[in-house]
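One letter stands for each residue in the lines below.
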Amino acid sequence: MYSLRGAEAPLFHGAACGGSDEGGYFGAKAPVFFIFYAALKRRSSTVLPAAGQTEAGISGLKPGFFYSLRGAEAPLFQGAACGGPDEGGHFGAKAPVFCTLYAALKRRSSMALPAACQILYVLSCANLPAMADVISSASIHEKHFLSDKVSQFTESVIREMTRRAMLYGAVNLAQGFPDFSAPAEIKAAARAAIDGDVNQYAITWGAKNLRNAIARQMGVWQGIAVDPEKEITVCCGSTEAMISTLLAVCNAGDEVVIFEPFYENYGPDSVLSGARPRFVKLRPPASENGEWTFDEKELRAAFDKHTKAIILNTPNNPTGKVFTRAELELIRDLCIEFDVLAITDEIYEHILYDGTEHISMASLEGMRERTVTINGMSKTYSVTGWRVGWAVAPEKITNAIRKVHDFLTVGAPAPLQEAGAAALGLPAEYYAKLAEGYRVRRDHLMPALESAGFKCFRPRGAYYVMTDISGFGFEDDVEFTKYLVKEIGVAAVPGSSFYRDARDGARQVRFAFCKKLETLDAAAEKLGKLRAR
Ligand SMILES: Cc1ncc(COP(=O)(O)O)c(C=O)c1O
């Protein structure tokens, strides 16, 4: 859903001119509703009557009438997309959009349903359940076989870019997986486990050897004491650890605070667990060597009595930000004040540059009992396809995570868990070499990007570089990345897939540099052909 908004924005203009494809038409209107939502959140008095108008419009619906309005409203929609000055008239004018949509629902247009779900999502965020009910009642009479939840998000844009890279034979700097070999020792450990017949289900919440190794290393790396019997759940990747955790702790209506730009899974994860995301902006560095920062007041304003958890990702994908102790302490204080859990995704823990230090939230005073620490093998040991990750949490929360995990996946691959125990036993030099290898790659790719015309935000951790594409004169990030993969031969991820509102990422594109130097060289050569429009 998040990504579609970006991708659909240009269609919106086409639709306003009278597109023939109804699916595109309604999908394309998503940006209108986000403008509407933004205004509602500002509690603009001129907007609220418009909401009322909409409701009245829906209940007194005459389908034919509203179809005809589509044409008449076209210029207003265009104004909306550009952000017109008169908010009152602006939103008042949009009431018919809802009605048009409702009419399509009545005609059982399957293409319109995803758009309807987007609207429902927006309305529920805006605390207008009455309106949401009115609209949802339009669809309950028909069976469309899909859950409302699944209609609220799209497939991963990151993984779609990998498919496009394959289609056009492009260099793939989109998805974060290494194109070089995994360490020989751990591959040998996996083979030995298979040969040794570790081929049946492991204990549901994780093989004992791996849990012991995780507990030991959390003590070594972060000084955190963990009980491997009661506080660890091994999952199918940290992806599963995150969704199992959210399903274990969230009730419908709970709110989850998420910094944006965010790793795209967190959006759908929140939807699937029934939680309502509250986004807080990370702002790009103002200077070349600056850091991504957040506004303390904005963060505080995102916490209230409905807040169940904050999702933190440090080192961060996509920005490369590594949260400082002072920032973590500020978040800690809010978690304690509002009685909130911290769910912290630390899978880039060992990939750090420029002397930056990774601090685990659970190591802060007062946080051990309210933190779920998520980590995994994918990034640290270059085995993204093995699907081994874990969640470390206090016993009571672990029991809940284990229940969800058991019924979702039963367990992670048993022989690969044994190899994981061996991997966690690698000496300190392994981790130093890993970070240094990525530092070299970062410093290889960034100059190539800069000489091609990108403005780079220097990452302090993880293996991505976020860039600004303003200099190229493209309409937006989606148009740019489509051009880049097809015409230049380099796949990257459009920035909008990391934001709730596509417009916030319209000038940003992310590159992954977890690749061989020759792969980065091949990309650099192709990027040399890129010209501003
Ligand atoms: C922040 C973050 N969390 C989780 C994942 C997925 O990890 P896993 O392979 O352990 O599921 C990624 C992968 O790119 C990521 O960037």
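Above this note sits the structure.
The structure displayed is predicted, hence computed values, not measured ones. (Residues numbered from 1 in each chain as written. Predicted model: local features only at pLDDT ≥ 70, side-chain atom pairs only at ≥ 80, totals over all residues.)

A.B. asks: In this structure, what is going on with the pairing of strand β5 (residues 307-313)? I would like to understand it.
C.D. replies: In the case of a regular strand, side chains alternate between the two sheet surfaces. A large share of β5 lies buried, amounting to 7 of its 7 residues. As defined by bridge partners, strand β3 (residues 255-260) adjoins β5 across 4 bridges and the pair is classed as parallel. Opposite Val256, over in β5, you have Ala309 as the bridge partner. With respect to chirality, the unit in which β5 leads through helix α16 (residues 325-337) into the neighbouring parallel strand β6 (residues 341-345) is right-handed. (Buried ≥ 20, exposed ≤ 12 C-beta atoms within 10 Å, placed from the backbone. Helix = DSSP H or I, 4+ residues; strand = E, 2+ residues; numbered from the N terminus. Pairing = 2+ DSSP bridges. Right-handed = clockwise from strand over helix to strand, strands pointing away.)

A.B. asks: Please explain the sheet that holds strand β9 (residues 455-457) as it appears in this structure.
C.D. replies: The pairing of strands in a sheet happens through backbone hydrogen bonds and is either parallel or antiparallel. Reading across from one edge, β9-β10-β13-β12 is the order of the 4 strands in this open sheet, with antiparallel pairing throughout. Sheet topology places β9 and β12 (493-494) at the edges, where each strand pairs with a single neighbour. In terms of strand pairing, β9 meets strand β10 (residues 464-468) through 3 bridges, oriented antiparallel. Across the sheet, Cys456 pairs through a bridge with Thr467, a residue of β10. In this fold helix α20 (residues 428-452) packs onto β9, β10 and β13 (508-512), with an angle of close to 15 degrees to the strand it touches most, β10. (Contact = placed C-beta atoms within 7 Å. Axes fitted to C-alpha atoms, helices over the stretch in contact; angles between N-to-C directions.)

A.B. asks: So what exactly am I meant to see when it comes to helix α11 (residues 184-195) here?
C.D. replies: If you check α11, its first and last C-alpha atoms are 16 Å apart, about what 12 residues at 1.5 Å a residue would give, namely 16 Å. Residues of α11 that are buried include every one of Ile186, Ala190 and Ala193, and no others. Summarising the axial view, the buried residues of α11 lie within an arc of 65 degrees, below the 170-degree limit, and thus occupy one face. Relative to its buried face, α11 has exposed residues pointing more than 90 degrees away, namely Ala184, Ala188, Arg191 and Asp195. Looking at the buried side of α11, the elements it contacts are α19 (414-423). (Expected span 1.5 Å × (residues − 1). Arc of directions from axis to C-beta.)

A.B. asks: What is the right way to look at helix α12 (residues 208-222) in this model?
C.D. replies: Residues separated by three or four positions in an α-helix point in the same direction, a consequence of the helix having 3.6 residues per turn. With 15 residues, α12 should reach 21 Å at 1.5 Å per residue; the first-to-last C-alpha distance of 21 Å fits that figure. Elements that come into contact with the buried residues of α12 comprise β2 (232-235), β8 (389-392) and α19. Just past α12, the residue Gly223 takes up positive phi, approximately 65 degrees.

A.B. asks: Explain the site of the ligand here, please?
C.D. replies: For the ligand, the set of nearby residues contains 13 residues, the closest of which are Gly237, Ser238, Thr239, Gly376 and Ser378. Element by element, the count of residues in the shell around the ligand is highest for helix α13 (residues 237-249), at 3 residues. Along the lines of polarity and charge, the residues of the shell around the ligand split into 2 nonpolar, 10 polar and 1 charged. (Near = placed C-beta within 6 Å. Nonpolar A, V, L, I, M, F, W, Y, C, P; charged D, E, K, R; others polar.)

A.B. asks: Before we go on, may I ask you to explain the sheet that holds strand β4 (residues 276-281) in this structure?
C.D. replies: Read from one edge of the open sheet, 7 strands run β2-β8-β7-β6-β5-β3-β4, paired in mixed fashion. Looking at the sheet topology across the chains shown, the edges are occupied by β2 and β4. In this sheet, adjacent strand axes meet at a mean angle of 20 degrees when their direction is disregarded. Bridging between strand β7 (residues 371-376) and β8 involves 4 bridges; their strand directions are antiparallel.

A.B. asks: I tried to follow the pairing of β8 on my own but got confused; where do I start?
C.D. replies: What you see with β8 is no split at all: Gly389 and Ala391 on one side and Trp390 and Val392 on the other are buried throughout. Direction of pairing for β2 relative to β8: antiparallel, over a ladder of 4 bridges. Paired with Cys235 across the bridge in β8 is Gly389.

A.B. asks: What's the story with the nonpolar core in this structure? I'm lost.
C.D. replies: Side chains of nonpolar character tend, in soluble globular proteins, to be buried together. Leu173, Ala342, Val490 and Ala491 are the most contacted members of the largest nonpolar core, which totals 119 residues. Broken down by element, the residue count for this core peaks at 7 residues, all from α13. Both domains that meet at this core, namely domain 2 (157-181 + 429-527) and domain 3 (184-423), each give it at least three residues. Excluding residues that lie within four positions of it along the chain, Ala491 makes contacts with Met161, Thr162, Arg164, Ala165, Ala170, Val171, Asn172, Leu173, Ala174 and Val485. (Core = buried A, V, L, I, M, F, W, Y, C linked by C-beta atoms within 7 Å. Domains from an automatic or database assignment.)

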